[in-house]
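Letter by letter, the chains look like this.
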Amino acid sequence: NNNNNNAAGSNLSLEMEFQPESPIAILATPVLTLDNALALKVLLPSVLESMNDAYLPLNKFRNLMGALYGGAGLAHLFDLYFGGSQLLVSA
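Residues numbered from 1 in each chain as written. Predicted model: local features only at pLDDT ≥ 70, side-chain atom pairs only at ≥ 80, totals over all residues. Heavy atoms only, no water.

Concerning the overall build of the protein
Here comes step 1: Scanning the protein for helices and strands turns up three helices and two strands.
Here comes step 2: Ordered by position from the N terminus, the helices and strands of the protein form the series β-β-α-α-α.
Here comes step 3: When each of the 91 residues of the protein is scored for burial, the buried share is 11%.
Here comes step 4: Counted over contacts in the protein with a minimum sequence separation of 6, partners at least 24 positions apart contribute 33%.
Here comes step 5: Of the roughly 7500 Å² that the protein leaves accessible, carbon and sulfur atoms contribute 63%. (Helix = DSSP H or I, 4+ residues; strand = E, 2+ residues; numbered from the N terminus. Buried < 20%, exposed > 50% of the residue type's maximum accessible area, 1.4 Å probe, protein only. Contact = heavy atoms within 4.5 Å. Areas by Shrake-Rupley, 256 points an atom, 1.4 Å probe, with all protein chains shown as cover.)

Set out below in structure tokens:
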């Protein structure tokens, strides 16, 4: 649970829960937790800070989102080949 209040009075609360079923998913939990913390504690604040300083170009946003989705995609690919991906099994 992450609460973040800024000077304008906004409130953001993010929660995520899951029950890992494959050994790869269990081993990936610390990596995904670190990835989430990096995104919320470092990347998001740096983007928000740069938005306050000047207009943020669309390409900077695309690069950030591309890197985040690329990392998630690689994690899913690894789980697909080595962890018996529950997402594809249930589809």
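Some words on the packing of aromatic side chains
Here comes step 1: Taken as a whole and assessed by the stated rule, the structure comprises one aromatic pair.
Here comes step 2: Each ring, one from Phe 78 and one from Phe 82, has its centre 4.8 Å from the other, and the planes form 45 degrees; the classification is tilted. In this pair, Phe 78 and Phe 82 are both assigned in helix 2 (residues 58-82), four residues apart and thus about one turn of the helix distant. (Phe/Tyr/Trp six-rings, centres within 6.5 Å; stacked < 30°, edge-to-face > 60°.)

Here we look at a nonpolar patch on the surface
Here comes step 1: On the surface, a cluster of nonpolar side chains totalling about 680 Å² of accessible area is made up of Leu 74, Leu 77, Phe 78, Leu 80, Tyr 81 and Phe 82.
Here comes step 2: Locating Tyr 81 in the fold gives a position in helix 2. (Patch = residues over 30% accessible without salt bridge, like charges linked within 9 Å, V, L, I, M, F, W, Y side chains within 5 Å. Salt bridge = Lys/Arg side-chain N within 4 Å of Asp/Glu carboxyl O.)

Some thoughts on the confidence of the model for the protein
Here comes step 1: Averaged over all residues, the pLDDT of the protein equals 75, while 77% of them reach at least 70.
Here comes step 2: Element-level mean pLDDT values for the protein span from 50 in strand 1 (residues 2-5) up to 83 in helix 2. (pLDDT = per-residue confidence, 0-100.)

Some points on helix 2
Here comes step 1: A rise of 1.5 Å per residue sets the reference length of helix 2, with its 25 residues, at 36 Å; its end C-alpha atoms lie 36 Å apart and thus fit the reference within 8%.
Here comes step 2: Just beyond helix 2, the residue with positive phi is Gly 84, at close to 60 degrees. (Expected span 1.5 Å × (residues − 1).)

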